[in-house]
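Given next are the chains, with one letter for each unit.
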Number of protein chains: 2
Amino acid sequence: MNNIKKGHICDAINQSDEPDIEVLYDLSELFKVFGDSTRIRILTALTAGEMCVLHLAEHLEMGQSAVSHQLRILRTAGLVRPRREGKTVYYSLDDDHVKEILEAGLEHILHKGGRF
Amino acid sequence: MNNIKKGHICDAINQSDEPDIEVLYDLSELFKVFGDSTRIRILTALTAGEMCVLHLAEHLEMGQSAVSHQLRILRTAGLVRPRREGKTVYYSLDDDHVKEILEAGLEHILHKGGRF
DNA sequence: CCAACATATGAATATATGTTCATATATCGA
DNA sequence: TCGATATATGAACATATATTCATATGTTGG
């Protein structure tokens, strides 16, 4: 499983000033939530303001159930927040970090993809 | 499949100043690459400087093959860049966007996770 | 309370994905 | 050229995940 030998050439970088492994795991879990086009479209739609489930489903041209499932994942990850008003539940971005992450990724896309 | 009715209450946000759907798909694909703990650990390790494959494998305590497979994904996504020197291939972060994305996510984790 | 509407959720299914194993390619030294 | 080392890759397998369908929960108006 681990065909590795010690005493190799590049013995440079080993300052453990990097985030510990558990945080890195959480970080990958966070990005995993961003790593689905349906959820990205939901988050992007919500950057304009809160929206209810049916309107999200309509906007994404997807079933209500699918959207609801994805909203649960976003909610659990602390990325969106529900606000109930009668029968309707309005969702909004939970904090500004979400926008920042989206924008950081978008910047990379726009610079790498050759789209300009 | 699409049990949605028109003429709903929340008829607010519909300015299409949001990135078009293809870009959002690319964006989700980008985050998908960040959404794996092995790849996150590789990227984080590389923020300190370039490193060869065997050392990465050693650092992650994983097999060389697994790391190589993940490096290919990172390379294809334009996140890391290889530099050959004899038999060894050194990998480094391709551009500064990578760090920015990592930091944006990390900020969210550290503020949400209650770790302070 | 009951019907209608809005949302949430469990089970099932199909697809995507990460790791392992075996092997291929590439580079260097003798 | 041959053996050793470093990396890359294809196939297989096990696991994770997104969507659908059916149904449950919650809310309002009559």
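Worth saying up front: this structure is predicted, and the values here are computed from it rather than measured.

A. Geometry of the sheet that holds strand S3 (residues 88-93) of chain B. Residue and element names in this part refer to chain B. Taken together, three strands build an open sheet; the order of strands is S1-S3-S2 and the sheet is antiparallel. Two strands bound the open sheet, and with one partner strand each, they are strand S1 (51-52) and strand S2 (80-85). The pairing of S2 with S3 spans six bridges and is classified as antiparallel. The residue bridging Val80 from the neighbouring strand is Leu93, located in S3. This element, helix H4 (residues 64-76), spans S2 and S3 of the sheet and lies at about 115° to S2.

B. How the structure looks around the packing of aromatic side chains. Applying the stated criterion across every chain yields a total of three aromatic pairs over all chains. On the basis of an interplanar angle of 10° and a centroid distance of 5.9 Å, the ring pair of Phe31(A) and Phe31(B) is categorised as stacked. Of this pair, Phe31(A) sits in helix H1 (residues 21-34) while Phe31(B) sits in helix H1 (residues 21-34), on two different chains. The two residues Phe31(A) and Phe31(B) agree in class, both being buried. Measuring from ring centre to ring centre gives 5.1 Å for Phe31(A) and Phe34(B), while their planes differ by 50°; the resulting arrangement is tilted. Here Phe34(B) lies in helix H1 and Phe31(A) lies in helix H1, a pairing that spans two chains. With respect to class, Phe31(A) is no different from Phe34(B); both count as buried. Put simply, the rings of Phe31(A), Phe34(A), Phe31(B) and Phe34(B) pair up and form one aromatic cluster.

C. Broad picture of the protein's contact with DNA strand C. Not every one of the 28 residues close to DNA strand C is listed here, only the nearest: Ser65(A), Tyr91(A), Thr38(B), Arg39(B) and Ser65(B). A distance of 2.8 Å is found between a base nitrogen of DNA strand C and a side-chain nitrogen or oxygen belonging to Gln64(A). With respect to DNA strand C, the side chain of Gln70(B) contributes an N or O atom lying 2.9 Å from a phosphate oxygen. Secondary structure elements with two or more residues in the surface near DNA strand C: helix H3 (53-60), helix H4 (64-76) and strand S3 (88-93) of chain A together with helix H2 (37-46) and H4 of chain B. No other element matches H4(A), which puts six residues into the surface near DNA strand C. By residue class, the composition of the surface near DNA strand C is nine nonpolar, 11 polar and eight charged.

D. A look at the sheet that holds S3(A). All names here are of chain A. An order of S1-S3-S2 is seen for the three strands of this open sheet, with the pairing classed as antiparallel. Each end of this open sheet is capped by a strand with a single partner; those strands are strand S1 (51-52) and strand S2 (80-85). Helix-sheet contacts for helix H2 (residues 37-46) involve S1, S2 and S3, and the interaxial angle to S3 is about 90°. Contacting S2 and S3, H4 crosses the sheet at an angle of about 115° to S2.

About the criteria used
- Residues numbered from 1 in each chain as written.
- Chains lettered and ligands numbered in written order.
- Predicted model: local features only at pLDDT ≥ 70, side-chain atom pairs only at ≥ 80, totals over all residues.
- Heavy atoms only, no water.
- Pairing = 2+ DSSP bridges.
- Helix = DSSP H or I, 4+ residues; strand = E, 2+ residues; numbered from the N terminus.
- Contact = heavy atoms within 4.5 Å.
- Axes fitted to C-alpha atoms, helices over the stretch in contact; angles between N-to-C directions.
- Phe/Tyr/Trp six-rings, centres within 6.5 Å; stacked < 30°, edge-to-face > 60°.
- Buried < 20%, exposed > 50% of the residue type's maximum accessible area, 1.4 Å probe, protein only.
- Near = heavy atom within 4 Å.
- Polar contact = N/O pair within 3.5 Å; in protein donor to acceptor, adjacent residues only side chain to side chain.
- Nonpolar A, V, L, I, M, F, W, Y, C, P; charged D, E, K, R; others polar.

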